[in-house]
Structures are given as C-alpha cells and as structure tokens.
Amino acid sequence: MLFRSPALYALANAIAQDDGRIEDAVFWYHVARIRAVYDGLRCRDASARGAVTLLGKGLLPEIARYQRQNRGRTLQIAQAALRWDAANARNYDHRWINLWGRVARSSRGEDPSEPTVPEGEWPAILKYVHETHLRSVTEFAAGERSLEGGGQPAK
C-alpha cells in the first residue's frame, strides 16, 4: 500500500462511504494528517504547506461529524494512528508536497530535493508533529478546540 498522504486522505474518504467503518476512516484521516504535516514541515517552502489545508477541505463531512460526536473515541483513534505511524516506515516519496509551493512553481527544473530540509532534522520534526497532533486532539476531546479547518502547526 502506498502511504503517501494524498492517497491516505482518499482512502479515508472511500472508507467513510462504507457503512459501519467510520472509525476506520477516522483512523486513516489521522494517519494522513500526521504524514502530510510531517512532509510539509520537511519542505523549506512554507507555502507548500497549504497542501495540508486543501487535503483537509476535501474530507467527507461524515468524518468531521463522527469526530465532533465522539470526541473521546476520536482521541483513542488518534493515539492508535500515532502508534501506527511510529511503527510503519515512511517509504514513499515525501517530495510530493514540494510541488505545491511557490518555489516549485517558479523552479527551472533544478534538483527536486532542494526544497527539502536536511535529513538530520527529520527526527526532531517527526517528534514535534507527533506531540503537536496528540496535544491538538487531546484539546479537541476536552472541548477546548476544533479539529476542523485543515490547518497545520507552524514551525
């Protein structure tokens, strides 16, 4: 299975259309979001991070509705998604997000890896993404914030 973020958002939507599997859809949404934010923060071009917002806006309303109506369960699902993400390799081309930014649109065909931050910074970025996602969903479960809007943490 290709675990690149856009494919995972599409998977969440496809599963949400299958009655009785909405929790699976929510799970894949959280995996997709974690990976999309991680990929976005590995891109030097901050304008590329708008891809996360656009992907979030394409989610079916059933996913957001389930989360609003089941905040505690949503936290449990997000925790499972974080465990899954930690246990499964990110063996896909993360540079998909580099194509969304202003730098890529103005590029003359230089090295497609150029907009990516050095690999040595990736572990700290992943730790930040996991911590921020868990904090965000915990606050959502407590009724302190919304998960909607598709935004991503700034770095």
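Along each chain, the written sequence defines residue order, and numbers are assigned to residues from 1. Given that this is a predicted model, residues contribute local features only at a pLDDT of at least 70 and side-chain atom pairs are listed and counted only at 80 or more, while totals for whole chains, interfaces and linings are drawn from all residues. Calculated side-chain values reflect all of the structure's heavy atoms, with hydrogen atoms and water omitted.

A.B. asks: Would you take a moment to explain the environment of Gly72 for this structure?
C.D. replies: Inspection of the secondary structure assignment puts Gly72 in helix H5 (residues 71-87). In this structure the C-alpha to C-alpha distance between Gly72 and Val137, which are 65 residues apart in sequence, comes to 9.3 Å. Under the DSSP-based scheme used, a helix requires at least four consecutive residues in state H or I and a strand at least two consecutive residues in state E, with every element numbered from the N terminus.

A.B. asks: Help me understand helix H7 (residues 122-141) in this model?
C.D. replies: Along an α-helix, residues three or four apart share an orientation, since each turn contains 3.6 residues. Compared with the 28 Å implied by 1.5 Å per residue over 20 residues, the 28 Å span of H7 between its first and last C-alpha is a close match. Only protein chains enter the accessibility calculation, which uses a 1.4 Å probe; a residue is then buried when its area is under 20% of its type maximum, exposed when over 50%, and partly exposed in between. Buried within H7 we find Trp122, Ile125, Leu126, Val129, His130, Thr132, His133, Ser136, Val137 and Phe140. Residues of H7 that are buried in the fold lie against helix H2 (22-41), helix H4 (61-69) and H5. Phi for Gly143, located one or two positions after H7, is positive at around 80°. Here the expected span of a helix is defined as 1.5 Å times the quantity of residues minus one. Contacts were defined at the residue level, with two residues in contact if any of their heavy atoms lie within 4.5 Å.

A.B. asks: Even after reading the chapter, I still don't get the packing of aromatic side chains, so can you show me in this structure?
C.D. replies: In this description, a pair of aromatic rings is defined by centroid distance and the angle of the planes. Centres within 6.5 Å are what make two rings of Phe, Tyr or Trp a pair, Trp counting through its six-membered ring; a difference in plane orientation under 30 degrees is then read as stacked, over 60 as edge-to-face, and the rest as tilted. Inspection of every chain in the model, using the stated rule, returns 3 aromatic pairs. An angle of 75° between the planes, with centres 6.2 Å apart, marks the rings of Tyr9 and Tyr29 as edge-to-face. Residue Tyr9 is located in helix H1 (residues 5-16), and its partner Tyr29 is located in helix H2; the two are separated by 20 residues in the primary sequence. Take Tyr9: its relative accessible area is 3%, and that puts it in the buried class. Their ring planes at 75° and their centres at 5.2 Å tell us that Trp28 and Trp84 sit as a pair that is edge-to-face.

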